[in-house]
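# Structural overview
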Amino acid sequence: MEYRKNDIVTVQIDDIGNDGEGIGKIDGFTLFVKDAVIGDTVEAKITKIKKNYGYARTEKIIKPSSFRVEPKCAFHRQCGGCQIQAMSYERQLLFKQEKIRNNLIHIGGFDAEAIDKMMEPVVGMEHPWRYRNKAQFPVGYDKNGNLITGFYAGRTHDIIPNTDCILGTAENKQILEAVLSYMKENHVPAYREQTGEGLVRHILIRTGFASGEIMVCLIINGTKLPAEKELIKKMTGLSLVETTPMEDADCRQGETEEKNAYDKENAAKKKIVSISVSVNTERTNVIMGKEIRVLWGRGYIEDSIRILGAPEESRIKFRISPLSFYQVNPEQTEKLYSLALACAGLTGKETVWDLYCGIGTISLFLARYAQKVYGVEIIPQAVEDAKENARISGIDNAEFYVGKAEEVLPEKFAGEGIRADVIVVDPPRKGCDDRCLETMLAMKPERIVYVSCDSATLARDLKVLCGGGYELRKVQGVDLFGGTVHVETVVLIQRKDT
Ligand code: SAH
């Protein structure tokens with residue numbers, strides 16, 4: 001049978017695509033079905049036909065999957081930020097496990113049996129909501145010209161008003177509403193993308209979950225905000241304590257008493273400590289501008305992360321500015337970095353390289369247990385932050401270089417003869433550059449720990465490393481992004497001849 005666009009078909013969903021979509025077959029013809037959950041039977045409308053497959057959208061659920069749950073967010077279909085919110089959390093974790101496994105087998109060429117033997121279950125969250133410490137909300141107008149903020153509808157730049165994304169903190173709502181009321185009262189226009197006119201483009205809010213410190217940064221299409229004082233008055237006048245999600249006992253199941261007490265005490269101190277503007281006058285999709293101007297308080301927030309199993313005093317402190325990269329889910333980040341640290345197997349004698357080190361997060365975890373840590377990061381500001389973070393955490397055995405990992409590493413190794421017992425990498429989604437991988441092999445570290453946010457490029461790079469004398473020892477996913485299709489993976493590989 002021939003299928004055409006707009007045809008309505010009934011399809012049973014028996015697989016999940018990489019982007020969380022349902023996959024089903026009708027007469028052997030594969031359909032990728034948006035908003036369908038594995039196990040569903042749905043009525044779907046075909047939206048696009050290719051030669052051997054097509055795309056469709058769920059119109060009606062005929063028989064719901066046993067993995068289907070009631071989505072917590074009313075906007076989840078329009079938003080597209082949480083692709084798999086309608087799937088039970090356990091099934092989400094299994095999906096992520098399978099995604100990593102499949103990539104290692106199909107892209108990495110690893111043996112399925114070997115993978116199954118060493119792969120541990122994905123580390124999930126206790127409570128997969130309100131976990132994000134950072135959010136960027138676009139500001140604009142609705143059809144009637146009312147000022148709104150919320151999120152872009154999937155694949156568009158139409159703003160759907162919603163000040164309470166349930167991945168973000170409960171305080172975001174209060175802050176966003178206060179910014180909108182400041183804008184209305186002082187006739188501050190929102191930016192209009194089509195014309196490039198107007199002023200306020202985005203509102204960035206970052207929260208230190210352990211410290212309670214909050215940063216508000218308005219990204220503006222201009223250099224100055226009218227009636228700045230009024231904004232400051234609104235922000236500093238907010239009382240945020242009552243709505244703190246940390247009070248929610250549900251959020252904290254399974255945590256130690258000590259950690260609970262620490263976080264509760266600090267969360268109770270939740271307060272805005274930094275108000276700034278970021279100047280972005282370019283007509284671009286890039287959210288942040290390069291120039292940050294502090295209007296009130298500090299230019300940064302501080303936060304800290306605990307090394308699991310270590311005493312409270314060994315927390316690593318971070319200074320986070322509006323432009324710094326910092327993992328968005330601090331609770332799971334503790335688990336991720338602690339796992340990476342355990343894989344590094346440090347005894348205190350090792351020289352360790354941390355490539356793609358950002359603001360030194362993993363580097364400083366490692367430094368507590370290594371003789372020397374070298375971090376490499378391409379963004380100069382992040383390296384400045386890394387040095388400062390080392391200082392405020394009382395760490396003096398970490399050194400940081402600005403540059404590309406694929407350039408700095410060969411230079412320091414071939415040029416200066418600096419060696420490595422352990423190398424940790426945590427690259428962006430595109431993975432490591434070939435030259436970086438080659439140098440890593442030439443340095444012959446005993447162990448390599450690969451932290452990855454994209455298991456496809458991870459598998460590709462592991463194929464090269466394992467082809468060069470290393471073998472896979474441990475694979476474990478950590479879920480930092482509940483409701484979405486993303487997952488972090490930590491892999492340990494070991495040199496064969498040791
Ligand atoms: N390990 C850090 C940062 C990981 S994100 C953390 O967990 O917080 C990846 C980092 O790699 C970013 O900070 C990015 O700026 C940096 N980066 C991207 N390409 C790079 C390259 N070629 N060489 C070095 N760093 C790079």
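Notes on the structure in this doc start here. (Residues numbered from 1 in each chain as written. Predicted model: local features only at pLDDT ≥ 70, side-chain atom pairs only at ≥ 80, totals over all residues. Heavy atoms only, no water.)

### Considering a positive patch on the surface
Among the surface-exposed residues, Lys5, Lys48, Lys50 and Arg155 lie close enough to one another that they form a single positively charged patch. Within the secondary structure layout, lysine 50 lies in the loop between strand S4 (41-49) and strand S5 (53-63). (Patch = residues over 30% accessible without salt bridge, like charges linked within 9 Å, V, L, I, M, F, W, Y side chains within 5 Å. Areas by Shrake-Rupley, 256 points an atom, 1.4 Å probe, with all protein chains shown as cover. Salt bridge = Lys/Arg side-chain N within 4 Å of Asp/Glu carboxyl O. Lys, Arg positive; Asp, Glu negative; His and termini not counted. Charge placed at Lys NZ, Arg CZ, Asp CG, Glu CD. Helix = DSSP H or I, 4+ residues; strand = E, 2+ residues; numbered from the N terminus.)

### Overview of the site of the ligand
Residues in close proximity to the ligand total 17 residues, the closest being Tyr337, Thr361, Glu377, Ala405 and Asp426. In the environment of the ligand, an oxygen atom lies 2.7 Å from a nitrogen or oxygen atom belonging to the side chain of glutamate 377. Within the backbone of alanine 405, a nitrogen or oxygen atom sits 2.8 Å from a nitrogen atom of the ligand. Burial of the ligand by the protein chains amounts to 90% of its free accessible area of 570 Å². Of all the secondary structure elements, the ones that give two or more residues to the shell around the ligand are helix H8 (361-367) and helix H10 (405-415). (Near = heavy atom within 4 Å. Polar contact = N/O pair within 3.5 Å; in protein donor to acceptor, adjacent residues only side chain to side chain.)

### Here's the deal with the pattern of salt bridges
Within the structure shown, the criterion is met by 27 salt bridges. The shortest N-O distance in the salt bridge between glutamate 185 and lysine 234 comes to 3.1 Å. Linking glutamate 185 in helix H4 (residues 171-185) with lysine 234 in helix H5 (residues 228-236), this pair joins segments that are 49 residues apart in sequence. Residue lysine 234 is classed as partly exposed on the basis of its relative accessible area of 25%. Taking the shortest distance from any N to any O, the salt bridge between glutamate 416 and lysine 412 comes out at 3.0 Å. Its relative accessible area of 52% is what places glutamate 416 among the exposed residues. Salt bridges sharing partners connect three or more residues here, namely Glu302, Arg319, Glu388 and Arg391. (Buried < 20%, exposed > 50% of the residue type's maximum accessible area, 1.4 Å probe, protein only.)

### A word on the sheet that holds strand S2 (residues 22-26)
The mixed closed barrel is built from 5 strands, whose spatial order is S1-S2-S3-S5-S4. Across the sheet, the axes of successive neighbouring strands diverge by a mean angle of 50°, strand direction being ignored. Bridge count for strand S3 (residues 29-34) against S5 is 5 bridges, and the pairing is parallel. From the neighbouring strand, lysine 34 faces S5, where its bridge partner is arginine 57. (Pairing = 2+ DSSP bridges. Axes fitted to C-alpha atoms, helices over the stretch in contact; angles between N-to-C directions.)

### Some remarks on the packing of H10 against helix H11 (residues 434-443)
At their nearest, the axes of H10 and H11 sit 8 Å apart, and the two run at 30° to each other. Viewed along their axes, H10 and H11 adopt a mutual orientation that is roughly parallel. Every pair of crossing elements has a handedness; the one defined by H10 and H11 is left-handed. Across the interface between the two elements, Ala405, Glu406, Glu407, Leu409, Pro410 and Phe413 of H10 pack against Arg435, Cys436, Thr439, Met440, Ala442 and Met443 of H11. By residue class, the composition of the contact of H10 with H11 is 8 nonpolar, 1 polar and 3 charged. (Parallel < 35°, antiparallel > 145°, perpendicular 65-115°, else oblique. Left-handed = near helix turned anticlockwise from the far one by under 90°. Contact = heavy atoms within 4.5 Å. Nonpolar A, V, L, I, M, F, W, Y, C, P; charged D, E, K, R; others polar.)

### Let's talk about the sheet that holds strand S10 (residues 200-207)
Taken in spatial order, the 7 strands line up as S9-S8-S7-S10-S11-S12-S13 in an open sheet, and their pairing is mixed. Two strands lie at the open edges of the sheet, namely strand S9 (159-161) and strand S13 (291-297), each paired on one side alone. The sheet shows a mean angle of 35° between the axes of neighbouring strands, taken without regard to direction. As defined by bridge partners, strand S7 (residues 134-141) adjoins S10 across 5 bridges and the pair is classed as antiparallel. Within S10, the residue paired with alanine 135 across the bridge is isoleucine 205.

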